[in-house]
Amino acid sequence: MDIKVESVKFDADRKLLDFINEKVGKLDRFFDAIMKAEVTLSLVPGHDNKKAIIRVKVPGNDLIAERTCPTFEEAIATGVDILKENLVKTKEKMRGV
């Protein structure tokens, strides 16, 4: 799976990029037809919070999880958890279960 990471108005460090690749890369286990994933990171103006948007492209659909948390790692982790559930539901619908 191809994972594209975009950081808005800042440069993400290598440690954060590795964390994203590790977490988002595990989504392949739940649905093997994922074409690509796009992760957008941004800072929330006027707050200390960080925002992560994860878009997973699957045949016929895009699944999106958007999270705002104190850290990017927490936002990515919770977003991936939500996408896991959605990928399982999508896979079951495609199989007709």
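Rules and cut-offs
- Residues numbered from 1 in each chain as written.
- Predicted model: local features only at pLDDT ≥ 70, side-chain atom pairs only at ≥ 80, totals over all residues.
- Heavy atoms only, no water.
- Helix = DSSP H or I, 4+ residues; strand = E, 2+ residues; numbered from the N terminus.
- Rg over C-alpha atoms; globule rule 2.2 N^0.38 Å.
- Buried < 20%, exposed > 50% of the residue type's maximum accessible area, 1.4 Å probe, protein only.
- Areas by Shrake-Rupley, 256 points an atom, 1.4 Å probe, with all protein chains shown as cover.
- pLDDT = per-residue confidence, 0-100.
- Salt bridge = Lys/Arg side-chain N within 4 Å of Asp/Glu carboxyl O.
- Axes fitted to C-alpha atoms, helices over the stretch in contact; angles between N-to-C directions.
- Parallel < 35°, antiparallel > 145°, perpendicular 65-115°, else oblique.
- Contact = heavy atoms within 4.5 Å.
- Nonpolar A, V, L, I, M, F, W, Y, C, P; charged D, E, K, R; others polar.
- Core = buried A, V, L, I, M, F, W, Y, C linked by side-chain atoms within 4.5 Å.

### Brief notes about the overall build of the chain
Link 1 in the chain: Scanning the chain for helices and strands turns up 2 helices and 4 strands.
Link 2 in the chain: Going from the N terminus to the C terminus, the chain shows its helices and strands as β-α-β-β-β-α.
Link 3 in the chain: For the chain, whose C-alpha radius of gyration is 14 Å, the value lies close to the compact-globule estimate of 13 Å for 97 residues.
Link 4 in the chain: C-alpha extents for the chain along the principal axes are approximately 45 × 25 × 20 Å.
Link 5 in the chain: In the chain, which comprises 97 residues, the share counted as buried stands at 30%.
Link 6 in the chain: Only carbon and sulfur atoms are counted for the fraction: they give 47% of the accessible area of the chain, which is about 6,000 Å².

### A closer look at the confidence of the model for the chain
Link 1 in the chain: In this model, the chain carries an average pLDDT of 93, and 99% of its residues clear a pLDDT of 70 or more.
Link 2 in the chain: Averaged pLDDT values for the elements of the chain fall to 93 in helix 2 (residues 72-95) and rise to 97 in helix 1 (residues 14-25).

### Points about the pattern of salt bridges
Link 1 in the chain: Tallied over the full model, the rule gives 7 salt bridges.
Link 2 in the chain: A salt bridge links Asp18 to Arg14, with the shortest nitrogen-to-oxygen separation between them at 3.3 Å. Of this pair, Asp18 and Arg14 both sit in helix 1, 4 residues apart, roughly one helical turn.
Link 3 in the chain: We classify Arg14 as exposed; its relative accessible area is 54%.

### Quick notes on the packing of helix 1 against helix 2
Link 1 in the chain: Following both chains from N to C, one finds helix 1 and helix 2 inclined at 10 degrees, their axes separated by 10 Å at the closest point. If you check the angle between helix 1 and helix 2, you find them roughly parallel. In contact with Leu16, Phe19, Ile20, Lys23 and Val24 of helix 1, helix 2 contributes Phe72, Glu73, Ile76 and Val80.
Link 2 in the chain: Its residues placed into classes, the contact of helix 1 with helix 2 shows 7 nonpolar, no polar and 2 charged.

### Regarding the side chain of Ser42
Link 1 in the chain: Relative to the assigned elements, Ser42 resides in strand 2 (residues 36-43).
Link 2 in the chain: When neighbours within four sequence positions are excluded, Ser42 is seen to be in contact with Val8, Phe10, Lys50, Lys51 and Phe72.

### Some remarks on the nonpolar core
Link 1 in the chain: Grouped together as the largest cluster of nonpolar side chains are 24 residues, with contacts concentrated most on Val24, Leu27, Leu41, Val56, Ile76 and Leu87.
Link 2 in the chain: Those elements that provide at least two residues to this core are helix 1, strand 2, strand 3 (50-58), strand 4 (61-69) and helix 2.
Link 3 in the chain: Other than its neighbours up to four places away in sequence, Val24 contacts Met1, Ile3, Ala37, Val39 and Val80.

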